[in-house]
Amino acid sequence: MNAEIELKLFFQLEQQQALIELLDSLPDSEQKACRKLSNSYFDTPDLQLRLWDMGLRVRGCDGKREQTIKTAGTVIGGIHSRPEYNIDIDKAEPELNLFPKNIWPNTANISAVQSRLACLFDTDFERRTWHIYVDESLVEVALDIGKVSVTREGETKSEPICELEFELMAGKTGALIELGIKVAETIPVRLGKASKAFRGYRLAAQSSPLSLEVLEFIALEPGQDLKQTLTSLLSTGLERWQQLEAMILETDAYSLKQLPMLCYRLRACVRLLRCTLGQFNLLSDSLVAKFDAIEAHLGFVETGLSLAEILSQNCQLIARQPKKAKLAEQALSSLQQLSISSLMQKMLADTRYGSLQLSLVDLLFAIRAGESRVNFNINVKTELKTFADQLQESSWQKILALIPSEADLTSREYQSFARALDDSIFVGVAYGELYTKQSRDVFRAPWQDLVLGIRTLAAYRQLAQISESLDIDISDWLQNKEESLVFAMEHSRRSALSNQPYWR
C-alpha cells in the first residue's frame, strides 16, 4: 500500500511547451522517460465502489498492465492524500480478490461486485515526468496531456486532460507547494480538485451535477482554538472556490443566465477569504495585490447580475411593459456581448489567479504546521466565541456609521453601500454557526432583503440604459418602481437596525 500525497494543477494546452522548458530549467531537476498511459476505470452499474469511496482502474503502459484501487482519502486546500494499492496483472479486467481483504467494508460481497464490474470510461494520455529535489525532499512532477472519454451505444464523448501533478516521493509536503508556487508565478495554472476519475464519472453521467446554491455558513465548533478556526475557514474557502470555478467552466450557452450569479458567488468566496485573512492580520502587500487583481477581473459581475435579474423568472421585472419583448431581447443581447466566459478565461490566464490560490494553500499548511513565519498579531488564546463576538460587533458598528437610522437614503446611496453590506454578511457566514439559528436568521433576514433590493435597483438602472438605447420611454414607470422599492427598503432598514444583535 502506498499513501499518495500530491498537488494537482490545471493549465491550458498552449502552455505545455513553456511548462516543459520551466521544469527542465529548475535546479536539481532530472527529466525521466515520456510514456503513454491507457487507463480503464471500472465499477458496477449501481456504482458500488464509488459508494465505498473507492476508485478502480487498470493501467496499461509499455505492454504491461497494473490494477489499482484507491480508497478514501482527504483533500485539504488542494493537497490530495489517498491510499492506493497496485498489483501487476496480465489481462485487461481487474480481479478484486488480488487486493488485500482488509480494505473492503466488513459486509462487502466481493464476488458479487466482481461479477458486475464493467468499464465506465477511459483516460489516455502522454506523461512526461521529472524528479526534482527541493532541499531534502524529492518530488515527482508529471505533466499529462490527453483525454478522458466515454463510449456508449457507439457514440464517444471526451474532454481534454491538461494536468500537472506534484507527488511527494520523500520529505515534506511543503515541497509540493513550493514547487507549485514557482510554476504559478510564471505560467497560468489553477488548483485542480477534480481527479481524472471524478471527471470520468461526470462525463459518463454517473455523478450528480456540481452545486453550491448559497454561500452557506462554515461549520465551526465552539471548542476550536483560533488556529483551528483559521484553517477551517481557509480550507473551506479554497474548496468552495474550486467548486464554483468548476461550475462556471462547465456552464454551457444554454445556462448563460446562470453565469452572473455563479461568478458573484465565486467573487463572494474570494472576498470571504480576503476578509478572513484581514481578521487574523495576515494580509500581506503581495496578497492584497493578488486579491485586487482578481477583484478587477470580476468587475463585470454587477452588470451581469443586473441583466440576469431583468431576464429572470420569464422577465417578471418587466412583465407588464408593452415593449417587454424588445427590452428582453436587448437585455439578452447585452448579456451575450458581456462575454462572461471570455472574461473568466482572461482571469484564469492571469498568473496572479493561480498564484493566489497556491499562496493560500502555502499559508494554510504553514498554520497547520505551526511555522514561526505565520505571525497572527492577535491573542490566539482568545476563546473563539469571544473573538467572533468582537468581529460581529466591529462589523455592526461600521454599518451603523454608514447607514444611521435617522438618515433617509436614496437609490444611489443604497447601491454605494453594497460592498460594505457584503463584507458584513461575510462575517456572519464565517461565524454564524456558533450562534442560535433562530435569533441569527431573524436578525440577518432583513439585511439579506436589502441586498436583494440593491440588486433590483441596479437592474432598474440597467433598464434605463437599455430603454434609452431603444428609444423606448419608460422613465416614469422606472421612477415609480424605484421610489416604491426604496420606500420598502427604508422600512426594512429601520426594522433591521432596531433588532437586537444576536451575538450580544
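Above this text is the structure in question.
Residues numbered from 1 in each chain as written. Predicted model: local features only at pLDDT ≥ 70, side-chain atom pairs only at ≥ 80, totals over all residues. Heavy atoms only, no water.

(A) Representation of the nonpolar core in the model. Among the nonpolar cores identified, the biggest contains 129 residues, and Leu164, Phe166, Trp241, Tyr431 and Trp447 are the most heavily contacted of them. In terms of residues, this core owes the most to one element, helix α7 (residues 259-279), which gives twelve residues. Residues Leu49, Met54, Ile69 and Tyr85 belong to the second largest nonpolar core, which totals 15 residues. (Core = buried A, V, L, I, M, F, W, Y, C linked by side-chain atoms within 4.5 Å. Buried < 20%, exposed > 50% of the residue type's maximum accessible area, 1.4 Å probe, protein only. Helix = DSSP H or I, 4+ residues; strand = E, 2+ residues; numbered from the N terminus.)

(B) Summary view of the environment of Arg199. For Arg199, the position within the fold is in helix α5 (residues 196-203). Arg199 sits in the buried class, given a relative accessible area of 16%. Considered as a pair, Arg199 and Leu497 are 298 residues apart in the sequence and their alpha carbons are 47 Å apart. Sequence-distant contacts of Arg199, that is, excluding residues within four places in its chain, are made with Val148, Glu159, Pro160, Ile161, Glu163 and Ala194. A polar contact of 2.6 Å, which involves the side chain of Arg199, links it to the backbone oxygen of Pro160. (Contact = heavy atoms within 4.5 Å. Polar contact = N/O pair within 3.5 Å; in protein donor to acceptor, adjacent residues only side chain to side chain.)

(C) Up close: the packing of α7 against helix α9 (residues 301-315). As a packed pair, α7 and α9 sit with axes 8 Å apart at the nearest point and diverge in direction by 145°. When the axes of α7 and α9 are compared, the crossing they make is left-handed. On α9, the residues that touch Pro260, Met261, Cys263, Tyr264 and Arg267 of α7 are Val301, Glu302, Gly304, Leu305 and Ala308. Its residues placed into classes, the contact of α7 with α9 shows seven nonpolar, one polar and two charged. (Axes fitted to C-alpha atoms, helices over the stretch in contact; angles between N-to-C directions. Left-handed = near helix turned anticlockwise from the far one by under 90°. Nonpolar A, V, L, I, M, F, W, Y, C, P; charged D, E, K, R; others polar.)

(D) Just the side chain of Thr44, in detail. By the secondary structure assignment, Thr44 is in the loop between β3 (35-43) and α2 (48-51). Note on Thr44: relative accessible area 0%, which makes it buried. Of the polar contacts made by the side chain of Thr44, one reaches the backbone nitrogen of Gln48; its length is 2.9 Å. With residues up to four places along the chain from it excluded, the contact list for Thr44 reads Val113, Arg116 and Leu117.

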